[in-house]
Every structure is written in structure tokens, then in C-alpha cells.
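# What the coordinates show
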Amino acid sequence: MTMNTAVLVTGAGPTGLSLAITLRRYGVPVRIIDRADEPAGVSKALALWSASMEALEGMGVMDAMLAEGTNLNSLRIGDGARELAAMAVGKGIDSPYPFPLLLSQARTERILTARLSALGVEIERGVELTGLSQDEEQVSAELKHPDGRTETLHTPYLAGCDGARSAVRHALGIEYQGYTEPYTYLLGDVLIDGDNLDHQSIYLWWHNGGTAALFPFEESVWRVFAMRKPGSGDEPTTIAELQEHIDRHGPGGLHLSDPSWLSVFHINERLAERYRSGRCFLAGDAAHIHSPAGGQGMNTGIQDAVNLGWKLAYVLNGIGDTDVLLDSYEAERRPVARDVVDAAAQKLHIAFNSGSKAKTVIKNLAVSIFGNLPAVQKKLQVELSETEIVYREGPLVALGAPPRKPKRTDVGARARDAAFVDTASGAERRLWPLLSELHHSLLLFEDADHSIAVDEIAEGTGDRLRIVRLDGRSDPTHAARDRFRFDGPGWVLVRPDQVVAARGKAGDLSGLNRYLDRVLRA
Ligand SMILES: Cc1cc2nc3c(=O)[nH]c(=O)nc-3n(C[C@H](O)[C@H](O)[C@H](O)COP(=O)(O)OP(=O)(O)OC[C@H]3O[C@@H](n4cnc5c(N)ncnc54)[C@H](O)[C@@H]3O)c2cc1C
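Residues numbered from 1 in each chain as written. Predicted model: local features only at pLDDT ≥ 70, side-chain atom pairs only at ≥ 80, totals over all residues. Heavy atoms only, no water.

As a rule of thumb, soluble globular proteins bury nonpolar side chains together. Counting 94 residues, the largest nonpolar core has Met65 and Leu493 as its most contacted members. Considering each element in turn, this core owes the most residues, 10 residues, to helix 7 (residues 297-316). With residues up to four places along the chain from it excluded, the contact list for Leu493 reads His440, Ser441, Leu442, Leu465, Val499, Val500, Ala501, Ala502, Leu512, Tyr515 and Leu516. (Core = buried A, V, L, I, M, F, W, Y, C linked by side-chain atoms within 4.5 Å. Buried < 20%, exposed > 50% of the residue type's maximum accessible area, 1.4 Å probe, protein only. Helix = DSSP H or I, 4+ residues; strand = E, 2+ residues; numbered from the N terminus. Contact = heavy atoms within 4.5 Å.)

Set out below in C-alpha cells:
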């Protein structure tokens, strides 16, 4: 039996690693286990979207990720020899990272593992969670070690980041609601030659009643996705089968070779009924799973981890109202996953479900017209980037009294980056690095003749609150103030996960007081 104050993170995929790093940044002791002896040799996810990179900046890994990744430029859609639309995906996102970054899941995990190691935690590999129980005081987890030894670990909180078949979710008896798509899908990581493909674009092509998708991956590898004819079984695929799909449904003139991974799989569209049971939480694929269309799974998991991480850390450090903080996790993140699951299913059905010839003609016409409209392209990019996610429900956003239809920088929505002048050096600085630190940031937009007195209100919040004054000297053109949509003096409180917690005009600090009282005081 092990008595431990460390949080147990089960599963060292991108979600578990992000959660463990976030907890360690706050000094919380962590154990992270993974039943696999080695990290996965193949990559499922291929790209990071803007909101994930915004969240990862605080973990100190973005320099390494940018150095290893490549920008994704466009999504090209066609039918046979005809390109129907070329949709830009690398521009127009309001973010310090305004592009999707092509970076394999294996590399992402490697960089996160190195960061966690630098924070003093090593993944315990070959260790499997086989059962758990909990009471009001603690969770007791049964762990099986590689040498056959079993350990009962007592921990204050347990996070199930153990993927789609989550042992934690099963042990908690939480239903994984949803369905399995009826068709069989094929995947191949291959080299392609005899083409003029742009290795920074995704190709989605349909022809002859079927669809093939090509995703750029690593330096010269392409990932091929295709759907098997209904009723053709689940036997392993071959490069010959993929070649046949590409010849029949793809852009033509492509020769596939050197497969590094071939797989046949079914797609699930599922959402856990609950994300929390007492002292246990679910995050990542353990909580939601959906079609890879849109490439959101890993990204949503990373953002779950960041949302849960700071709240658990506050509670463990004796800060804030435990119920407000911990109940807000499911209330905020489950609706986001519900939308992601629905949107991914819709994209999959539009792309892969072939209909009659007449339906294809209509689909082609719609894609040619709408797919080339800048407004449609922007909407798709913004949706995939997850930067416009808004938390509308739960006890935490309720403290800041969100408006009924929140816009960016309203309570529950994400903050924005902005430039300001460092009055000490005169240099221009960006707000985002400040918003990526461990504290809440209180941005005070002041006029020369109107400073906002917050010293009294901020008493007792210690280093959990950083005040940033943006006055006539640091924000001389009101550019930062405009980004937060104020036309006069006002304030915005931003959480460590860069979500707006509360905001108001200079003369009304009641929302600020309410939030600080419930969340930032010991
Ligand atoms: C073909 C395919 C393509 C995809 N493409 C994309 C994409 O482009 N973009 C994107 O964002 N997402 C994509 N995804 C989804 C993405 O891969 C997942 O969402 C992501 O891996 C989830 O991370 P996770 O950490 O939650 O779970 P996982 O990566 O599944 O990690 C869970 C970990 O838990 C461990 N574990 C399991 N059970 C136990 C136990 N009992 N005890 C201890 N350890 C345990 C496992 O060994 C594993 O390492 C794709 C998925 C697939 C299948």
C-alpha cells in the first residue's frame, strides 16, 4: 500500500502529459503511469490547432514544437481531374498562433515528455491501472507493475487520461454514450510519387462514387484515408488496396509506396455521460471520441487537460472554492466536446458518404460556390482552430455573469493577444506571454485622468493575481483596449487558461470582487 499526496494521472498520451505538466507547473506532486512499455511508434494525430498552441505556450514547449513542425496552408477539394475549391486554412485566425501546425502526435508526445522530465517527473511505463475505489477522503487505485507486483495507491485525485477504452471510465461505471459508424475505414502512411502534390495541403477528393483523403505528414510521408465499400469486411488492408482507392477516387497519377503503417478501423462518435465522479475525472479520448475529420481529438484533449489542471492545482494548494472549481470542469468542457463530436461526424458524412450521381453533382456545385467564398473559409478555420470556444455553463463562468451571446473577450470566451509598450524599456511587448503564466491576469485599461483602484480588492490574492496597467503610456493608441472592446476605462480578469473570468467598466468592480473571493483567496 502506498500513501501518497500525488495526483495520479493514468495514461501518458497527449492529454495525460499536458495535465501532468500543468500540475507540476503549480508544484503539485504527480505520478503518471502508462501500461505501454514504450511510447507509440505510430502517430494518430498530425496537427496542432491555434487554441492548443495558445495553451501549450505556458508549458514552455512551443519553441520546440515550432522548430519541428510545418505550417498547414490549405484544404483542396476536387472531383477527378477537377479541383472544386482551395480553402485557405493558414490565415485569418485571431491568435498568436494563427495557423495549424503539422506536427505528428509522436513528436508532440516526445516534446511533452521531455518537458515533464525537466519538471522532475518520469512516466512510469508498463504500469497498468486495473481497478479503483473512492470515498470522501481519497481514491484507492490498483496498479499492476511490469514485474507482476501489485500496488494500492491512495491519492487525493485521479485523472483518467487513458484513452478510448478507459479503465477509469469503466471502473466508475460512466456510460460512453454514442454510436459506432457502420463503415470500415482504411489508413496508410505512405510515400507518394509521380505527382505535383503540395506537402503543406490536405487533399479531399471524390470520384466514381467514393472518397480519398491525403494528409501531409512528417517530411515526405502522406497519410491516405479511404472508406471500404459497405459490407466488404474488416480484413487487414494492403498498399495495393489503397492504390486502387486512390486510382479510382483520388486526383489521379499518384503512385503509393513504402507503407510505414497500414490500418483498418471503425469510427466511434461518443461522449462520456459524466466527466467527474467524486475525486476522479475523465479527460481526452477517455471522455470523448469522434471521427478524425477536422483533426480535433488530440487538440480537445490537450485543452481539457489545461482546463482541469489549474483548477485541481488551486484546490490542492488550498485556494478557492473546491466545488466551484471542480464542478466547472465538466460544465465547461463537456459541451465543447459535444459540439466537436457532432461537427466531426457531419464532416465525415459530407466527405465520405457517397450518394447518387445527382447528389454528387449538387455537392460539387455547393463546394465550388461556397468552398471558394472567403467568409465560408474563415468560418471553417475559426471552428477548427477552437479559438472561438465559449464556456456558457457552470459555476465558474456564472461568477462573471456572462452575457447571453458572448463574443470574443466576453466572460467565458477566450482572451486576445495585444501589443503594448513596456514603459520601462520603451519596447513593444505582447500580452500573450503574460496571459500564459500561472496567475490570473487583471488587465486595467485606464485613462490618464482615470486610474482604477484595485489594491484593496486584490488583498489576499497573493501571487495568484498579476495586475497589468494599460494606460496612456503603455497603450497610447488604445490598441489593446480596442482588442478587448472597451470604449472607455475598464477591466478584464483572465484565467490561467486564457479564458475571460470577469470584466466590467472602471466604476463597477462587483464582478471582480465576487470572483476573487470565491476563486483566488485561500
Ligand atoms: C487514425 C486517427 C487519426 C487521428 N488524427 C487526429 C488529428 O489529426 N488531430 C487530432 O487532434 N486528433 C487526431 N486523432 C485523435 C487523437 O489521436 C486522440 O484524440 C489522442 O490520441 C487522444 O489522446 P489521449 O491522451 O486522450 O489518449 P491516448 O493517446 O489514447 O493515450 C492514452 C494512454 O493511456 C494508456 N492506458 C490505457 N489504459 C491504461 C491503463 N489501464 N493503465 C495505464 N495506462 C493506460 C495508453 O497506453 C495510452 O498511452 C486521430 C485518431 C486516429 C485513430
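Next comes the rest of the description.
A few words on the sheet that holds strand 29 (residues 500-505). Whenever strands of a sheet pair, they do so through backbone hydrogen bonds, lying parallel or antiparallel. Overall, mixed pairing links the four strands, which are arranged 27-26-28-29 in an open sheet. The open sheet is flanked by strand 27 (465-470) and strand 29, the only strands paired with a single partner. Along the sheet, successive strands turn relative to each other by an average axial angle of 15 degrees, direction set aside. Pairing between strand 26 (residues 440-445) and strand 28 (residues 490-494): five bridges, direction antiparallel. In the strand pairing of strand 28, Leu442 is matched with Leu493. Along the sheet face, helix 15 (residues 510-520) touches strand 26, strand 27, strand 28 and strand 29 and points at about 20 degrees away from the line of strand 28. (Pairing = 2+ DSSP bridges. Axes fitted to C-alpha atoms, helices over the stretch in contact; angles between N-to-C directions.)

A grouping of Leu365, Ile369, Phe370, Leu373 and Val376 is seen on the molecular surface, where their side chains present a nonpolar patch of about 440 Å² in accessible area. Counting residues per element, the nonpolar patch draws most heavily on helix 9 (residues 357-370), at three residues. Judged by its relative accessible area of 55%, Leu365 is exposed. (Patch = residues over 30% accessible without salt bridge, like charges linked within 9 Å, V, L, I, M, F, W, Y side chains within 5 Å. Areas by Shrake-Rupley, 256 points an atom, 1.4 Å probe, with all protein chains shown as cover. Salt bridge = Lys/Arg side-chain N within 4 Å of Asp/Glu carboxyl O.)

With that settled, consider the layout of surface pockets. The calculated volume of the second largest pocket comes to roughly 620 Å³. Listed by contribution, the elements that provide at least two residues to the lining of the second largest pocket are helix 8 (322-352) and helix 10 (374-385). Of the residues in the lining of the second largest pocket, the class split is 14 nonpolar, three polar and 12 charged. (1 Å grid on protein atoms, 1.4 Å probe; cavity = no way out; pocket = protein on both sides within 12 Å on 5 of 7 lines; lining within 4 Å. Points joined across faces, edges and corners; volume = space filled by probe spheres on them. Nonpolar A, V, L, I, M, F, W, Y, C, P; charged D, E, K, R; others polar.)

Moving on, we get to the site of the ligand. Residues in contact with the ligand amount to 29 residues; listed here are only the nearest, Thr15, Asp34, Gln105, Asp285 and Met298. In the model, an oxygen atom of the ligand is placed 2.5 Å from a nitrogen or oxygen of the Asp34 side chain. Contact distances for the ligand include 3.0 Å between a nitrogen atom and a backbone N or O atom of Leu129. Here the ligand, which alone exposes 1000 Å², has 86% of that area covered by the protein. Those elements that place two or more of their residues in the shell around the ligand are helix 1 (14-25), strand 10 (128-134) and helix 7. Taken together, the residues of the shell around the ligand sort by class into 12 nonpolar, 11 polar and six charged. (Near = heavy atom within 4 Å. Polar contact = N/O pair within 3.5 Å; in protein donor to acceptor, adjacent residues only side chain to side chain.)

Our next topic: empty space enclosed by the protein. Counting across every chain of the model gives three cavities of 30 Å³ or more. Looking at the largest cavity, its volume works out to about 120 Å³. In terms of lining residues, the largest cavity is bounded by 14 residues, among which Thr22, Arg25, Val306, Pro496 and Asp497 are the most central. Those elements that place two or more of their residues in the lining of the largest cavity are helix 1 and helix 7. Residues that form the lining of the largest cavity fall into these classes: seven nonpolar, four polar and three charged. Roughly 80 Å³ of volume is contained in the second largest cavity. Taken together, Ala51, Ala55, Gln303, Val306, Asn307, Arg333, Tyr391, Arg414, Asp497, Gln498 and Val499 make up the full set of residues lining the second largest cavity. Where the lining of the second largest cavity is concerned, the elements lending two or more residues are helix 2 (50-57) and helix 7. In terms of residues, the lining of the second largest cavity owes the most to one element, helix 7, which gives three residues.

The subject of this paragraph is the packing of aromatic side chains. Following the criterion strictly, the structure yields 13 aromatic pairs and no others. A centroid spacing of 6.1 Å and a plane angle of 75 degrees characterise the contact between Tyr26 and Tyr314, whose relative ring orientation is edge-to-face. Residue Tyr26 is found in the loop between helix 1 and strand 3 (30-34), and its partner Tyr314 is found in helix 7; the two are separated by 288 residues along the sequence. On the accessibility criterion, Tyr26 (15% relative accessible area) is buried. Between Tyr185 and Phe352, the ring centres sit 5.7 Å apart and the planes meet at 80 degrees, which makes this aromatic pair edge-to-face. (Phe/Tyr/Trp six-rings, centres within 6.5 Å; stacked < 30°, edge-to-face > 60°.)

Here we come to the packing of helix 1 against helix 4 (residues 105-118). At a minimum axis separation of 10 Å, helix 1 and helix 4 run at an interaxial angle of 25 degrees. Here helix 4 runs roughly parallel to helix 1, going by the angle between their axes. Judged by the sense of rotation from one axis to the other, the crossing of helix 1 with helix 4 is left-handed. Together, Pro14, Leu17, Ser18, Ala20, Ile21 and Arg24 of helix 1 and Gln105, Glu109, Leu112, Thr113, Arg115 and Leu116 of helix 4 make up the contact between the two elements. Residue composition of the contact of helix 1 with helix 4, by class: six nonpolar, three polar and three charged. (Parallel < 35°, antiparallel > 145°, perpendicular 65-115°, else oblique. Left-handed = near helix turned anticlockwise from the far one by under 90°.)

Moving on, we get to the environment of Val30. Inspection of the secondary structure assignment puts Val30 in strand 3. Considered as a pair, Val30 and Thr130 are 100 residues apart in the sequence and their alpha carbons are 19 Å apart. With residues up to four places along the chain from it excluded, the contact list for Val30 reads Ala6, Val7, Val9, Ala20, Leu23, Arg24 and Val121.

It is worth spelling out the environment of Leu399 at this point. Locating Leu399 in the fold gives a position in helix 11 (residues 395-399). Along the chain, Leu399 and Val376 lie 23 residues apart, while their C-alpha atoms are 35 Å from each other. Discounting residues that sit within four places of it in the chain, Leu399 has contacts with Val324, Gly511, Arg514, Tyr515, Arg518 and Val519.

Moving on, we come to the state of the cysteines. Using the criterion set out here, one finds zero disulfides in the structure. Take Cys280: it sits in no disulfide, and the sulfur closest to it among the cysteines is that of Cys161, at 12 Å. (Disulfide = S-S within 2.5 Å.)

Right, let's talk about the pattern of salt bridges for a bit. Under the definition given, this model contains 29 salt bridges. When the shortest N-O distance is used, the salt bridge between Arg416 and Asp94 registers 2.8 Å. Placement of the pair is Arg416 in the loop between helix 11 and strand 24 (419-421) and Asp94 in the loop between strand 7 (82-88) and strand 8 (101-102), with a sequence separation of 322 residues. With a shortest N-O distance of 2.7 Å, Asp94 and Arg483 are connected by a salt bridge. Note that Asp94 is positioned in the loop between strand 7 and strand 8 and Arg483 in helix 14 (residues 479-483), a separation of 389 residues in sequence. For Arg483, a relative accessible area of 26% corresponds to the partly exposed category. Overlapping salt bridges, with partners in common, bring together Glu68, Arg107, Glu218 and Glu219 in one network.

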